[in-house]
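# Summary of structural features
Next come the chains, spelled out residue by residue.
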Amino acid sequence: MMVLSGDPPRSRVLSIVLIVIIAALAVTPLVFPGAKAMNVATKICIFAALVASYDLLLGYTGSVSFAHTMFYGIGSYSVAIALYSMGPGWAAVATGIVIGLPLALLLALAIGLFSLRVEAIFFAMITLAVASAFLVLASQLSWLTGGEDGRSFQLPELLRPGTVLISKGVFGFELNGRVLTYYLIFAGSAAMILALLRVVNSPFGRVLQAIRENRFRAEALGFRTVFHLTYANCIAALVAASAGMLNALWLRYAGPDTSLSFAIMLDILLMVVIGGMGTIYGAIIGAAIFILAQNYLQALMSAASNAAADAGLPLLPGLLHPDRWLLWLGLLFIASVYFFPTGVVGRLRSIGRKPS
Amino acid sequence: MTDLAASGALPKPKRDVLPVLLPVILALAVAPLIGSASSWVTLTVASLAMGMMIFIMASGLTLVFGLMDVLNFGHGAFIAVGAYIATLVLLPLAPYVQADSLLTNLAVLAPAAVLSMAVSGALGLVVERLLILPVYGQHLKQILMTTGGLIVAEQALYALWGPQIIPLPLPTSLRGSFIIGDVVIAKYRLLAMLVGLVVFAGIQLVLNRTKIGLLIRAGVENREMVEALGYRIRRLFLGVFMVGSGLAGLGGVMWALYREQVHASMGNDLTVLVFIVVIIGGLGSIGGCFIGALLVAMVANYGGFLVPKLALVSNILLMVAILMWRPRGLYAVTSR
């Protein structure tokens, strides 16, 4: 209970699902050591943390930010550029962290103070504008960021796949640098999610919820809402940047497509909405469902597209083409905002509550 | 009546002219930096033309927000749809587009533009009913719903027309430029300016000189009161939404001809630009939107000429500067 900050899942089904997901993530390197499974598991870990931090903004304060990938990208790029220019080593990783986190913090502070004064809608538009400018900057300043190609780099010795710590033997699996990196990411993400749970269940988190429900009243009660919202924005930015750093460490690469693009922003939005806004647990569920679907459903779509093409149906092959994945995602997104505004977690909780 | 005449002593509402002067001041201020008069004129005309096109695209968004407090993140979709619909007319009729006669060219362009406006307006009807009606008054859901709509529209365009860039050549008689002394003025830019001015004048006339305009302005001020007087403001809003979407479609056609290409991502790209313009102008203000569009275009053109590297972030800098001066934009219309 202490670990969960007194905010348990409050639904038996939800608890079981969460335990299954976390257990599966914990044993992935032992049970499915293949590259694809590991990639999927890592992505779920990283996105669970990233989406949880976005949930702090969207679900708990009710402000829509389109700049979340910008902070994610700042994290990715700072580690990538540091490792690229200083060579592989822990000093470079530390430099990346020391530069990246304050940069994300300052930018979040500036955006928050600037745009959270007026209204949620203003914040949404300004973050969209700033994020798109940042994306352009990142792809144009190629001497620093590598432009569209991004930056690939070498990891410190300990984290490389070639480094074998325990060779295949007694337990039948090999502990190498890659597995170590995975557990680093797993632990990092878990720590961030638990920290966010702590934040939202603190008195500060309660104020955020009060602001979301009625900003005017919260202000009338004497809370300085701009301060609270900006603070939340900064925390979310820091977590997003840290998630970006973990992402860069896993991919050994940072580029506009993997860390900054608008598509990732949409993915995050979708995961929050599917999982359930304002629950934090929703982030884990949303990330797991979404990424599994993204990785394994696209194959299904391409099969369906080919089948439709063979059957000579008009239009359907184009609509079912794996590249049109976002089309169905968008429809799903609209449907879930409309029909399941509370997401999976909200649904499960309301089912659990009915008998009592 | 004499009482009324006596009340003429009431103080008139102050006219706020400073924002209107802003583009003029900006144009004059950069003149010495640019140096040559001919490039200054060329750049200024280019900015005016670009500004007018942006204004056409942004006007619908600001009207919709002002009247009904609905921010449409999917506004860019109408722009892209308008451009794609125009290709349906212009590409099959290429011989007429390539004919070297202004009348023939316009005879093809006009129906293309009208069809684009009609289709994006009709799409506006569908979007309003399906996506926006269920979430009135809920900003958060509006943003999410319309963002979803933007994705679906963009992907549907990809699915229907394919991911490639469609070239859309300018009609022959609108190619090239008028050259007066050293000054080069592209013909199409003149047309764009003309259309922009007509749209601006039209919107102003409707808003200020007709009953519908009166109701719209009253609705911006106080929605409940207009409803209490027996007007169906929902229907009025639907009309405004459709007109706004249609204007976005028109803007899309003009922008596509200006760039001479059509791509599904243009809606997404232009959304950001249009948002910046609307924020600068003050949400809900047509006049502010007009000035904002001109300012954004000027900063882009002058900035691109003077400091090319700066052009990447010039819009953001402009927005920051304006919001430092007036946190709610140039003209804050609503009290919301």
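About the thresholds
Residues numbered from 1 in each chain as written. Chains lettered and ligands numbered in written order. Predicted model: local features only at pLDDT ≥ 70, side-chain atom pairs only at ≥ 80, totals over all residues. Helix = DSSP H or I, 4+ residues; strand = E, 2+ residues; numbered from the N terminus. Rg over C-alpha atoms; globule rule 2.2 N^0.38 Å. Buried ≥ 20, exposed ≤ 12 C-beta atoms within 10 Å, placed from the backbone. Contact = placed C-beta atoms within 7 Å. Core = buried A, V, L, I, M, F, W, Y, C linked by C-beta atoms within 7 Å. Nonpolar A, V, L, I, M, F, W, Y, C, P; charged D, E, K, R; others polar. Pairing = 2+ DSSP bridges. Axes fitted to C-alpha atoms, helices over the stretch in contact; angles between N-to-C directions. Left-handed = near helix turned anticlockwise from the far one by under 90°. Expected span 1.5 Å × (residues − 1). pLDDT = per-residue confidence, 0-100.

### Regarding the overall build of chain A
Counting its regular elements, chain A contains 16 helices and 4 strands. Its C-alpha atoms give chain A a radius of gyration of 21 Å, near enough to 21 Å, the size a compact globule of 356 residues would have. Summarising its shape, the C-alpha atoms of chain A cover approximately 65 × 55 × 50 Å along the three principal directions. When each of the 356 residues of chain A is scored for burial, the buried share is 48%. Taking contacts inside chain A between residues at least 6 apart in sequence as the whole, the part at least 24 apart equals 73%.

### Details of the overall build of chain B
Within chain B one finds 14 helices and 4 strands. Computed over C-alpha atoms, the radius of gyration of chain B comes to 21 Å, within 12% of the 20 Å expected from 2.2 N^0.38 for 336 residues, which places it in the range of a compact globule. Structurally, chain B occupies a C-alpha span of about 60 × 50 × 40 Å along its principal axes. Here chain B holds 336 residues, and 49% of them are scored as buried.

### Examining the nonpolar core
By size, the foremost hydrophobic cluster in this structure holds 223 residues, and its most contacted members are Ala48, Val51 and Ala287 of chain A together with Ile54, Val277 and Val296 of chain B. A total of 20 residues in this core trace back to one element, the largest contributor, which is helix H3 (residues 37-68) of chain B. In this view, alanine 48 of chain A contacts Ser189, Ile193, Ala283, Ile284 and Ala287 of chain A; residues no more than four positions away in its chain are not counted.

### Describing the interface of chain A and chain B
Across the boundary between the two partners, chain A contributes 32 residues, which contact 29 residues of chain B. Of all the secondary-structure elements, those providing two or more residues to the side of chain A that touches chain B are helix H5 (120-140), helix H12 (262-275), helix H14 (316-320) and helix H15 (325-339) of chain A. Residue contributions to the side of chain A that touches chain B peak at 12 residues, all from H5 of chain A. Across the side of chain A that touches chain B, the residue classes tally to 25 nonpolar, 5 polar and 2 charged.

### Observations concerning the pairing of strand S3 (residues 183-186) of chain B
Residues and elements named next belong to chain B. Here strand S2 (residues 177-180) runs beside S3; their pairing, made up of 4 bridges, is antiparallel. Considered in S3, the bridge of isoleucine 180 is made with valine 183. The antiparallel pairing of S2 with S3 creates a hairpin that spans 2 residues between the two strands, and glycine 181 there sits at a positive phi of about 65°.

### A few points about the packing of H12 of chain A against helix H13 (residues 281-310) of chain A
Residue and element names in this part refer to chain A. Remark: H12 packs on H13, axes separated minimally by 7 Å, with the N-to-C direction vectors making an angle of 120°. Handedness of the crossing formed by H12 with H13: right-handed. Packed against H12, whose contacting residues are Asp267, Leu270, Met271, Val272, Ile274 and Gly275, the element H13 presents Gly282, Ala283, Ile285, Gly286, Ala287, Ile289 and Phe290 at the interface. Taken together, the residues of the contact of H12 with H13 break down into 9 nonpolar, 3 polar and 1 charged.

### Examining unusual backbone geometry
Residues and elements named next belong to chain A. Despite not being glycine, arginine 10 shows a phi value in the positive range, around 60°. Its identity is not glycine, yet isoleucine 280 carries a phi of approximately 60°, on the positive side. Position of isoleucine 280 relative to the elements: it lies in the loop between H12 and H13. By C-beta crowding, isoleucine 280 is classed as buried, having 29 other C-beta atoms within 10 Å.

### Quick look at helix H2 (residues 35-61) of chain A
Residues and elements named next belong to chain A. The end-to-end C-alpha separation of H2 is 38 Å, in line with the 39 Å expected for 27 residues at 1.5 Å each. In terms of burial, H2 is a largely internal element, 22 of the 27 residues being buried. The positive-phi residue at the C-terminal boundary of H2 is glycine 62, with phi of around 75°.

### A few points about the environment of leucine 207 of chain B
Residue and element names in this part refer to chain B. Relative to the helices and strands, leucine 207 resides in helix H8 (residues 187-209). Residue leucine 207 is classed as partly exposed on the basis of its C-beta count, with 17 C-beta atoms lying within 10 Å. Along the sequence, leucine 207 and arginine 217 sit 10 residues apart, while their C-alpha atoms lie 7.0 Å from each other. Leave out the neighbours within four places in its chain, and leucine 207 touches Gly213, Ile216, Arg217 and Ile286.

### Considering the environment of serine 167 of chain A
Residues and elements named next belong to chain A. Within the secondary structure layout, serine 167 lies in the loop between strand S2 (164-166) and strand S3 (175-176). For serine 167, a count of 10 C-beta atoms within 10 Å translates into the label exposed. Separated by 132 residues in sequence, serine 167 and alanine 299 have C-alpha atoms that sit 35 Å apart.

### Details of H8 of chain B
Residue and element names in this part refer to chain B. Helix length check: H8, at 23 residues, gives a terminal C-alpha distance of 32 Å against a target of 33 Å (1.5 Å per residue), a fit within 8%. Inspection of H8 places Tyr188, Arg189, Leu191, Ala192, Gly196 and Ile203 among the buried residues, and these make up the whole buried set. Considering only its buried residues, H8 is in contact with H3, S3, helix H11 (233-259) and helix H13 (286-306).

### Points about the confidence of the model for chain B
Residue and element names in this part refer to chain B. Averaged over all residues, the pLDDT of chain B is 86; the fraction at 70 or higher stands at 95%. Here helix H1 (residues 2-6) is the element of chain B with the lowest mean pLDDT, 49, and helix H4 (residues 75-90) is the one with the highest, 92. The ipTM for the predicted assembly is 0.80, set against a pTM of 0.85.

### Focus on the environment of leucine 30 of chain A
Inspection of the secondary structure assignment puts leucine 30 of chain A in helix H1 (residues 12-31). Here the alpha-carbon distance between leucine 30 of chain A and arginine 217 of chain A, two residues 187 residues apart in the chain, equals 52 Å.

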